[in-house]
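# Examination of the molecular architecture
So you can see what is in the structure, the chains are spelled out below.
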Amino acid sequence: MEAPSAPWLQRFDKPSCLLLHTLTSGPGGALAAFRALQCIQCHDEPGQAFHWQIFTETLCAEEPVLQGPERTLTLRPILLLLPVLCQRNLFTLLHMVQSSMPKDCLSQLLQATRKDPSPDLWVQALGDLLQRGLREERSCLTPGPLTDVCRQELKSLCQLIVGGTQSKLDLERKPGCFIQEHPGPELWPAGEAAVSASQLRKRKEAAEESLSPEGERKRSRLDEDGLGLEPLAGCAFLKGAGATEDEIAVEASGHESVQSETRGASENAQQDAVVETREARQDSQRDMAAKVHDFLQTHVARLKMLLEMESDQTDGTAPPELQILNECSPGQLEGLCSLLQLLERPERTLVQFCTWLLALVPEISYTKAAILTEQLFLQRVLSLTQPASRHLMAALTSFCSKYARPVCCALIAPALRAPGAGPERTKLVCELIEDCLEPEYVRLVFSQVLEMSWSEELITVVHTLLGRQVELPPHLFNLLVLKLCRLAQEFAKSMNYAKLMMAVLTMYSSNITPAHWSRLSGALDLNHTALQKSLQVALKQMAPR
């Protein structure tokens, strides 16, 4: 598709023209433009820096055009004169850079789109999402008024921090951190960062008692305890991380009693710091839980729209919205899958979604792939009552081609362990084993199956595993023989079990040792199927000499 060519295009500076050409390049123009912006920011070449303010003002500038069948001369923003594909890619790009671009520029562009008498539905939907994000961000940033009680508590806290007796000049000092070398021992007041909750309580008690003579005598001792002084080598002292650049040093008397009190205050401060760190970690976890919810909510609408639309993206890349899978934690991913209601999505959407997952760079981790395996496929496989649809098989096959280990551990093993395995579930697992698994993953499933309780359906799965004719390590083959011998009585009349024994004797005859032979001979004596004599003949041919 050709880039827009019009007289008003000359209004744009060189970086803006390059961005417009990229946005008009095709369905993947938004992602290409995003990468181009990243290159500009990383290299920061002279004359090539991208200025959102200039770009926005030019887009919102009005241009005279002839509109309608009557060719009426009207003024319209240049933004609305861009091709529809370019507008769609532009607003998709705005979603990707929403957190980094100036908010006033975004507001101007959204205001310009409202002047379109017949807006494109896709552009309108993207604009509504951007507008909603702006409203939510503004509501979060708007500070609430302080109540009288809050103002009084804040005033008391400030008085406690500065000691209640410092001058106005002390309140205007700026925080910093430095080390002062000096020939004699010195004490430096600790800053705000070293003040813990317990220390604030001590200071509050000191302020309340300061009116009494006894309180005045205790004041200096409490202040020293609350400061958290730490001794340094060479008889020098360093204050905490919140120290200020122009703090006035308080000279120590040099007596052992002062050093002892200082050492005790330092130990108390360290103990208080442990409590403070624990409380801060709990508060941080609660704040993080709230941020996780907000973080996911901002992406849910975009991803839902991505899953519901009929995408025409054919350039072999994943939509930029899917990068959230690499950015979020496994816990956040579980919440995101729940909010997206992946289990209720039509199976035809799974094919496109898995295609995007395969194109995602970098690929997701094993933990996240296991979570997606459970969310996308496990419940669908467990509830099968009829043959799996072609959409489900296509999605599962494509996903397994890149994330085979998560499929083995998070889908195949749970599906085989779950009770009530019907023929359709067994058939699906067997098809995955036959068509999708490399030999190493066949051995992985083999080891998982040997730890399960066997049924007729599971024996069919073992048949399929043996049919792959992969080389089994000695320990796996030993476990297989032991399993077959222990189940000989239980499946004495099972033809599936007898056929499985025949497959082992024929395909793995070179693996059978004298110890295996004696055990298998005893197991075949318990068999009561039509294949008993054939099995005994096959085993006799392997008799040790």
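Throughout this description, residue numbers start from 1 for each chain and increase along the sequence as written. The predicted origin of the model limits local features to residues at a pLDDT of at least 70 and limits the giving and counting of side-chain atom pairs to 80 or more, whereas totals for whole chains, interfaces and linings rest on all residues. Water and hydrogen atoms were dropped before computing side-chain values, which therefore reflect all heavy atoms in the structure.

### Some thoughts on the overall build of the protein chain
- Numbering goes from the N terminus for both helices and strands, where a helix is a DSSP run of H or I of at least four residues and a strand is a run of E of at least two. From N to C terminus, the protein chain includes 25 helices and 6 strands.
- Between buried and exposed lies partly exposed: a residue is buried under 20% and exposed over 50% of the maximum accessible area for its type, with that area taken using a 1.4 Å probe on protein chains only. The proportion of buried residues among the 545 residues of the protein chain is 40%.
- The contact definition used throughout considers only heavy atoms, calling two residues in contact when any of these lie within 4.5 Å. Once local pairs closer than 6 in sequence are excluded, the contacts in the protein chain between residues at least 24 apart make up 76%.

### As for the side chain of Gln87
- Its place among the elements puts Gln87 in helix α5 (residues 84-96).
- Using a relative accessible area of 8% as the deciding quantity, one classes Gln87 as buried.
- Counting of polar contacts relies on pairs of N or O atoms within 3.5 Å, with two restrictions inside protein: one atom must be capable of donating a hydrogen and the other of accepting it, and residues adjacent in sequence are counted only when both atoms are side-chain atoms. Within the structure, the side chain of Gln87 is placed 2.9 Å from the backbone oxygen of Leu82, a separation counted as a polar contact.
- With sequence-adjacent residues up to four places away left out, Gln87 is seen in contact with Leu79, Leu80, Leu82 and Val123.

### Remarks on helix α24 (residues 514-525)
- The span you would expect from a helix comes to 1.5 Å times its residue count less one. The end-to-end C-alpha distance of α24, which contains 12 residues, comes to 17 Å, matching closely the 16 Å that a straight helix rising 1.5 Å per residue would cover.
- Three or more residues of α24 are buried, namely His516, Leu520, Ala523 and Leu524. Each buried residue of α24 lies within a common arc of 95° when the element is viewed along its axis, so the set occupies one face.
- The secondary structure elements touched by the buried residues of α24 are α22 (474-486), α23 (495-507) and α25 (532-540). Arc definition: directions from the helix axis to the C-beta atoms.

### A word on the packing of aromatic side chains
- Only Phe, Tyr and Trp rings take part, Trp by its six-membered ring, and two of them pair if their centres are within 6.5 Å. Stacked means planes under 30 degrees apart, edge-to-face means over 60, and tilted covers everything else. A full pass over the atoms with the stated rule returns 6 aromatic pairs.
- Between Phe12 and Phe55, the aromatic rings sit 6.1 Å apart at their centres with planes inclined by 50°, giving tilted as the arrangement. Of this pair, Phe12 sits in the segment before α1 (14-23) while Phe55 sits in helix α3 (residues 52-60); the two residues are 43 residues apart in sequence, bridging distant segments of the chain. No difference in accessibility class separates Phe12 from Phe55, as the two residues are buried.
- Judged by centre distance (6.0 Å) and plane angle (15°), the rings of Phe491 and Tyr497 are stacked.
- A residue is classified by how much of its surface remains accessible, and Phe491, at 6% relative accessible area, is buried.

### Quick notes on the nonpolar core
- Residues Leu325, Phe377, Leu437, Trp454 and Leu480 are the most contacted members of the largest nonpolar core, which totals 92 residues.
- Per-element accounting of this core gives the leading share, 8 residues, to helix α18 (residues 404-417).
- Not counting the four nearest positions on each side in its chain, Trp454 is found in contact with Val449, Ile459, Val462, Leu480, Lys483, Leu484, Leu487, Glu490, Phe491 and Leu500.
- Side-chain atoms within 4.5 Å are what join buried Ala, Val, Leu, Ile, Met, Phe, Trp, Tyr and Cys residues into a set we call a nonpolar core. Counting 34 residues, the second largest nonpolar core, distinct from the first, contains Leu59, Phe91, Leu110 and Leu129.

### Brief notes about the environment of His95
- Along the chain, His95 turns up in helix α5.
- Sequence separation of His95 and Ala30 is 65 residues, and the distance between their C-alpha atoms is 9.8 Å.
- Residues contacting His95, with those up to four places away along its chain left out, are Leu126, Leu129, Leu130 and Arg302.

### Quick look at the side chain of Thr373
- When you line up the elements, Thr373 lands in helix α16 (residues 366-382).
- Thr373 sits in the buried class, given a relative accessible area of 0%.

### Focus: the pairing of strand β1 (residues 62-67)
- Strands were regarded as paired on the criterion that DSSP finds at least two bridges between them. Bridge count between β1 and strand β2 (residues 72-77): 6 bridges; the pairing is antiparallel. Across the sheet, residue Glu63 finds its bridge partner in β2, namely Arg76.
- The hairpin turn running from β1 into β2, its antiparallel successor, is 4 residues long, and Gly68 in that turn takes a positive phi close to 80°.

### A closer look at the confidence of the model for the protein chain
- Per-residue confidence for the protein chain gives a mean pLDDT of 74; residues scoring 70 or more make up 66%.
- pLDDT is defined as a per-residue confidence score from the predictor, taking values between 0 and 100. Note that residues 207-259 has pLDDT below 50 and, in this model, 94 contacts with residues that lie over four places away or in other chains.

### A short note on the pattern of salt bridges
- Take a side-chain nitrogen of Lys or Arg and a carboxyl oxygen of Asp or Glu: if they are within 4 Å of each other, that pair is a salt bridge. Following the criterion strictly, the structure yields 4 salt bridges and no others.
- Note that Asp120 and Arg88 form a salt bridge whose closest N and O atoms lie 3.0 Å from each other. In this pair, Asp120 is assigned in the loop between α6 (103-113) and α7 (121-141) and Arg88 in helix α5, connecting sequence segments 32 residues apart.
- Among the residues examined, Arg88 registers a relative accessible area of 33% and is labelled partly exposed.

### So, unusual backbone geometry
- Here the amide bond leading from Val361 into Pro362 is cis, since omega sits at -5°, within 30 degrees of zero.
- Its place among the elements puts Pro362 in the loop between α15 (347-359) and α16.
- At Gln341, a position not held by glycine, the phi torsion is positive, near 55°.
- With respect to the helices, strands and loops of the structure, Gln341 is situated in the loop between α14 (330-340) and α15.
- The class for Gln341 is partly exposed, based on a relative accessible area of 43%.
- For Gln469, which is not glycine, the phi dihedral falls at a positive 55°.
- By the secondary structure assignment, Gln469 is in the loop between α21 (456-467) and α22.

### Here we look at the packing of helix α17 (residues 390-402) against helix α19 (residues 423-435)
- Where α17 contacts α19, the two axes come as close as 11 Å, and the packing angle between them is 40°. Looking at the two axes, α17 sits oblique to α19. In this structure, the crossing between α17 and α19 has a hand that is right-handed. Residue-level contacts link Leu392, Met393 and Leu396 of α17 to Leu428, Glu431 and Leu432 of α19.
- Residues were grouped as follows: Ala, Val, Leu, Ile, Met, Phe, Trp, Tyr, Cys and Pro as nonpolar; Asp, Glu, Lys and Arg as charged; and all remaining residues, including Gly, as polar. Tallied by class, the residues present in the contact of α17 with α19 amount to 5 nonpolar, no polar and 1 charged. Structural elements are reduced to axes, namely lines fitted to C-alpha atoms, with helices fitted over the stretch in contact, and the angle between N-to-C directions of any two is expressed from 0 to 180 degrees. For classification purposes, an angle smaller than 35 degrees is called roughly parallel, one larger than 145 roughly antiparallel, one from 65 to 115 roughly perpendicular, and anything else oblique. By convention, the crossing between two helices is left-handed when the near helix turns anticlockwise from the far helix through less than a right angle, and right-handed when the turn is clockwise.

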